[in-house]
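Chain residues, written in single-letter form:
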Amino acid sequence: MRHFDLIVIGSGSGNSIVDDRFADWDVALIDDGPRFGGTCLNYGCIPTKMFVLPADILRAPEAGAPLGVFAPQPSADWAVVRDRIFGRIDPISTGGEMWRAEAANVTLYRDTARFTGEGTLEVSGETITADRIVIAAGSRCTSPASIAGLDEAWASQRVHNSDTVMRIDELPERLIILGAGFIAAEFAHVFSAFGSHVTVVARSGAMLRREDAEISRRYTAAAARHVDLRLGHSTDRVEADADRVRVHTTDNGGVQHVLEGDLLLVATGRRPNSDRLAVTVGGIEVDPLGFVVVDAQQRTSVEGVWAVGDVSNPSMLKHAANHEARIVQHNLLHPDDPRENTLAPLPHAVFGHPQVAAAGLTEAEARAAGHDIAVAVQEYGSTAYGWALEDTESCVKLIADKQTKQVLGAHIIGPQASSLIQPLVQGMSTGVDVPTMARGQYWIHPALTEVVENALLSLGLEA
Ligand SMILES: Cc1cc2nc3c(=O)[nH]c(=O)nc-3n(C[C@H](O)[C@H](O)[C@H](O)COP(=O)(O)OP(=O)(O)OC[C@H]3O[C@@H](n4cnc5c(N)ncnc54)[C@H](O)[C@@H]3O)c2cc1C
Ligand SMILES: NC(=O)c1ccc[n+]([C@@H]2O[C@H](COP(=O)([O-])OP(=O)(O)OC[C@H]3O[C@@H](n4cnc5c(N)ncnc54)[C@H](O)[C@@H]3O)[C@@H](O)[C@H]2O)c1
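Residues numbered from 1 in each chain as written. Chains lettered and ligands numbered in written order. Predicted model: local features only at pLDDT ≥ 70, side-chain atom pairs only at ≥ 80, totals over all residues. Heavy atoms only, no water.

The chain is annotated in an unreviewed UniProt entry as Mycothione reductase of Propioniciclava sinopodophylli. Regarding the chain, the relevant UniProt record gives this comment under Sequence similarities (unreviewed entry): "Belongs to the class-I pyridine nucleotide-disulfide oxidoreductase family." (UniProt positions renumbered as here; feature names shortened; annotations may be inferred.)

Right, dumping it as structure tokens:
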């Protein structure tokens, strides 16, 4: 049995906790992933966005044509793009692992850890304990067990998830995507822009259906121009062999379909890794979906055990995991002056085509919560930069409380949505009301941010 000052499970956000200030702590860092550094670096945010940028460039002629710019359609070499991306990322992962392996105060375990009791873990055949434990074990892709044949189809190498699809050798001619959430939207954009025929199979009647209804409706309409969108299809069965994959679906009219592709991407959500770590054996409370329950200080139900990131936060977003890691880092170093996680709202962006970004409540959520609301939908096309873009489908939608004049929800679909949302997030986070946000600063003319300014003014809440 070996005792440490601190055990951290997970080399993603968990790895960032252990900095120079822990130089005199005896630390165990544990990760069983094939690549060191966690999901964001190796399989998530970073490589996906490095594929999205070339995809955006490939769509440039589409954006140019309404402006009178008739550029020839560029093409991309999948293998060149892939190798550039992983040629940058893989050395960062390898370098990070070597650096940790050589650190005098850190013992790096590259194996699966499991709780064997309260405060006790087993890893690589060794029993280890610690004064403090941080669970940063993340989440993993799911594969619906209810779909007949899907479990067996993985062996064909024609079925992928987001962990594997970015490293494939060649662009599939026909890609079928199961699911219509974040991952489906981003990969549908990437593969269709690169030239694959993409079919998206969605159970419900819309893509990104957790977004505000206006945004989901607009996104679904835009996506349908680039992909074969099968809405309201339940997937009954999957078959795959050396040549192709077949997805058997039934639409909401009861008609059966057989979709054929070269690859199937399963993008049906992720679940927390609490089970792989057997956290309940360690006495740690989880919710019905398996997320570790934490308080505002990121403490679990067991004294001396914290959790951060996807394993405990259902939003499963990297900026949330990063902030939580900073909270835990502080609380480990300053137990007499602990901090709480009070940041709100938590924004997100989907880097599809078009981009989507949001923070706070949807209109339906605001109404359900009983707020007396003002709603504004401001078209990009109502501003000078929108004229320059010749935009007809992008908008900023704001929901504000008429009494407090605070923005309750901000939703953007269109070019630069992931950046345009930030002044609204800042205002919402710091409690700035609508009149102050709109008129308490200059808005650069004729920048695209004027659509945000005009949306604020359209709420009709000025002093
Ligand atoms: C395709 C994709 C795109 C994404 N894009 C974005 C984006 O644009 N923006 C955004 O904010 N978020 C994005 N995310 C989400 C983001 O990647 C995650 O929220 C974030 O990486 C979670 O970090 P984490 O530290 O909680 O877990 P991770 O980074 O997943 O780290 C957990 C580590 O723990 C290890 N582990 C798990 N169980 C054990 C065990 N029992 N023993 C030992 N080791 C274990 C795992 O191998 C893993 O390496 C994306 C995710 C995906 C899949
Ligand atoms: N830009 C970003 O921030 C970003 C990008 C990608 C992923 N992520 C993170 O990763 C998480 C996982 O992404 P995701 O797209 O896999 O999940 P998601 O929850 O966004 O979407 C899952 C989709 O799968 C569908 N689905 C679920 N079970 C199904 C079944 N049995 N049959 C058919 N369809 C089914 C759902 O209806 C939904 O459309 C996200 O929640 C997000 O937190 C973030």
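Participant: Teacher, can you tell me more about the site of ligand 1 here?
Facilitator: Inspection of the region around ligand 1 gives 34 residues, with Ser 13, Asp 31, Thr 39, Lys 49 and Asp 310 positioned closest. With respect to ligand 1, the side chain of Asp 31 contributes an N or O atom lying 2.7 Å from an oxygen atom. In this structure, Lys 49 approaches ligand 1 through a side-chain N or O atom, which is 2.7 Å from an oxygen atom. If ligand 1 stood free it would expose 1000 Å²; the protein chains cover 93% of that surface. Elements with a contribution of two residues or more to the shell around ligand 1: helix 1 (38-42), helix 2 (45-58) and helix 8 (318-333). Per-class residue counts for the shell around ligand 1 are 12 nonpolar, 14 polar and eight charged. (Near = heavy atom within 4 Å. Polar contact = N/O pair within 3.5 Å; in protein donor to acceptor, adjacent residues only side chain to side chain. Areas by Shrake-Rupley, 256 points an atom, 1.4 Å probe, with all protein chains shown as cover. Helix = DSSP H or I, 4+ residues; strand = E, 2+ residues; numbered from the N terminus. Nonpolar A, V, L, I, M, F, W, Y, C, P; charged D, E, K, R; others polar.)

Participant: I tried to follow the packing of aromatic side chains on my own but got confused; where do I start?
Facilitator: Both the distance between ring centres and the angle between the ring planes are used here to describe each pair of aromatic rings. The tally for this structure, following the rule as stated, stands at eight aromatic pairs. An aromatic cluster is built from Phe 51, Trp 78, Phe 86, Phe 187, Phe 191 and Phe 194, whose rings are joined through pairwise contacts. Note that Arg 167 overlies the ring of Phe 86, its terminal NZ or CZ placed 3.8 Å from the centroid. (Phe/Tyr/Trp six-rings, centres within 6.5 Å; stacked < 30°, edge-to-face > 60°. Lys NZ or Arg CZ within 6 Å of the ring centre and 35° of its normal.)

Participant: Explain the site of ligand 2 here, please?
Facilitator: Lining the immediate environment of ligand 2, one finds 20 residues, of which Ile 183, Glu 186, Arg 210, Met 316 and Ala 349 sit closest. Interatomic distance of 2.9 Å between a backbone N/O atom of Ala 180 and an oxygen atom of ligand 2. Protein contact buries 82% of the 850 Å² of open area that ligand 2 shows by itself. The element contributing the most residues to the shell around ligand 2 is helix 6 (residues 182-194), with three residues.

Participant: I would appreciate a short explanation of the packing of helix 2 against helix 6 in the present structure.
Facilitator: For any two helices packed against each other, the geometry comes down to the angle between their axes and how far apart the axes lie. Viewed as axis vectors pointing N to C, helix 2 and helix 6 meet at an angle of 45 degrees, and their least axial separation amounts to 9 Å. What the angle tells us is that helix 2 and helix 6 run oblique. The handedness of the crossing between helix 2 and helix 6 comes out as left-handed. Note on element contacts: helix 6 touches helix 2 through Glu 186, Phe 187, His 189, Val 190, Ala 193 and Phe 194, opposite Thr 48, Lys 49, Phe 51, Val 52, Pro 54, Ala 55, Asp 56 and Leu 58. Looking at side-chain class alone, the contact of helix 2 with helix 6 contains nine nonpolar, two polar and three charged residues. (Axes fitted to C-alpha atoms, helices over the stretch in contact; angles between N-to-C directions. Parallel < 35°, antiparallel > 145°, perpendicular 65-115°, else oblique. Left-handed = near helix turned anticlockwise from the far one by under 90°. Contact = heavy atoms within 4.5 Å.)

Participant: Help me understand the packing of helix 2 against helix 4 (residues 78-102), please; the structure alone is not making it clear to me.
Facilitator: The N-to-C vectors of helix 2 and helix 4 enclose an angle of 145 degrees; their axes lie 10 Å apart at closest approach. Considering the relative orientation of helix 2 and helix 4, their crossing is right-handed. Note on element contacts: helix 4 touches helix 2 through Trp 78, Val 81, Arg 82, Arg 84, Ile 85, Phe 86, Arg 88 and Ile 89, opposite Ile 46, Pro 47, Met 50, Phe 51 and Pro 54. Broken down by class, the residue content of the contact of helix 2 with helix 4 amounts to 10 nonpolar, no polar and three charged.

Participant: Which parts of the structure should I look at to understand the nonpolar core?
Facilitator: Among soluble globular proteins, nonpolar side chains are generally buried collectively. Formed by 42 residues in total, the largest nonpolar core has its most connected members in Phe 51, Ile 177 and Val 200. When residues of this core are traced back to their parent elements, those giving at least two are helix 2, helix 4, strand 9 (174-178), helix 6, strand 10 (197-201), helix 7 (213-223) and strand 15 (263-266). Broken down by element, the residue count for this core peaks at eight residues, all from helix 6. If you look at the next biggest cluster of nonpolar residues, it comprises 29 residues, including Tyr 380, Leu 398, Leu 424 and Val 452. (Core = buried A, V, L, I, M, F, W, Y, C linked by side-chain atoms within 4.5 Å. Buried < 20%, exposed > 50% of the residue type's maximum accessible area, 1.4 Å probe, protein only.)

Participant: Looking at this model, I keep getting lost on the sheet that holds strand 15. Mind explaining?
Facilitator: Taken in spatial order, the five strands make up an open sheet running 8-15-9-10-11, and their pairing is parallel. Either end of the sheet is taken by a strand with one partner, and the two such strands are strand 8 (159-160) and strand 11 (228-230). (Pairing = 2+ DSSP bridges.)

Participant: Would you mind going over the UniProt feature "binding site: FAD" (unreviewed entry) in the chain with me for this structure?
Facilitator: Per the UniProt annotation, the sites labelled "binding site: FAD" (unreviewed entry) are Lys 49, Asp 310, Met 316, Leu 317, Lys 318 and His 319. With respect to the helices and strands, Lys 49 occurs in helix 2. One can find His 319 in helix 8. Residue His 319 is classed as partly exposed on the basis of its relative accessible area of 40%. If sequence neighbours within four positions are ignored, His 319 has contacts with Leu 346, Pro 347 and His 348.

Participant: Help me understand the side chain of His 160 in this model?
Facilitator: Mapped onto the secondary structure, His 160 falls in strand 8. For His 160, a relative accessible area of 11% corresponds to the buried category. In terms of polar contacts, His 160 uses its side chain to reach the backbone carbonyl oxygen of Gln 157, at 3.2 Å. A polar side-chain atom of His 160 sits 2.8 Å from a polar atom in the side chain of Thr 164. Apart from the residues within four sequence positions on either side, His 160 is in contact with Trp 154, Val 165, Ile 168, Leu 263, Leu 264, Leu 265 and Val 266.

Participant: Which parts of the structure should I look at to understand the domain arrangement of the chain?
Facilitator: Many analyses report the size of an interface as the accessible area lost when the parts associate. Per the domain assignment, the segments of the chain are domain 1 (2-140 + 271-333), domain 2 (150-268) and domain 3 (354-458). The gap between the C-alpha centroids of domain 2 and domain 3 is 31 Å. Summed over both partners, the interface of domain 2 with domain 3 comes to about 960 Å²; 60% of that surface belongs to carbon and sulfur atoms. Three residues stand out in domain 2 for area buried against domain 3, namely Asp 212, Ile 215 and Arg 218, and they jointly supply 58% of the buried area on that side. Linking domain 2 with domain 3 are three salt bridges. Between Asp 212 and Lys 397 there is a salt bridge, and its shortest N-O distance comes to 2.8 Å. (Domains from an automatic or database assignment. Buried area = accessible area lost by both parts, 1.4 Å probe. Salt bridge = Lys/Arg side-chain N within 4 Å of Asp/Glu carboxyl O.)

Participant: Mind showing me how you'd approach the side chain of His 233 here?
Facilitator: Relative to the helices and strands, His 233 is located in strand 12 (residues 233-240). Judged by relative accessible area, His 233 falls into the buried class, the value being 5%. In this structure the side chain of His 233 is engaged in a polar contact, spanning 2.8 Å, whose partner is the side chain of Thr 249. For His 233, the contacting residues outside a window of four places in its chain are Val 201, Ala 202, Arg 203, Thr 249, Thr 250, Asp 251 and His 257.

Participant: How should I be thinking about the pattern of salt bridges in this particular structure?
Facilitator: Pairs may arise between side chains of opposite charge once their charged atoms sit close together. Inspection of every chain in the model, using the stated rule, returns 31 salt bridges. Of the charged contacts, one joins Arg 82 and Asp 169 as a salt bridge, the two residues approaching to 3.4 Å between their closest N and O atoms. Here Asp 169 lies in the loop between strand 8 and strand 9 and Arg 82 lies in helix 4, a separation of 87 residues in the sequence. Looking at Arg 82, the relative accessible area reads 12%, which means it is buried. Looking at Asp 169, the relative accessible area reads 63%, which means it is exposed. Two residues, Arg 246 and Glu 260, come together in a salt bridge whose shortest N-O distance is 3.0 Å. Highlighted residues: Arg 246 in strand 13 (residues 245-251) and Glu 260 in strand 14 (residues 256-261), separated in sequence by 14 residues. Since its relative accessible area comes to 33%, Glu 260 is described here as partly exposed. Within the structure, one salt-bridge network assembled from shared partners comprises Arg 174, Arg 237, Glu 239, Arg 244, Arg 246, Glu 260 and Asp 262.

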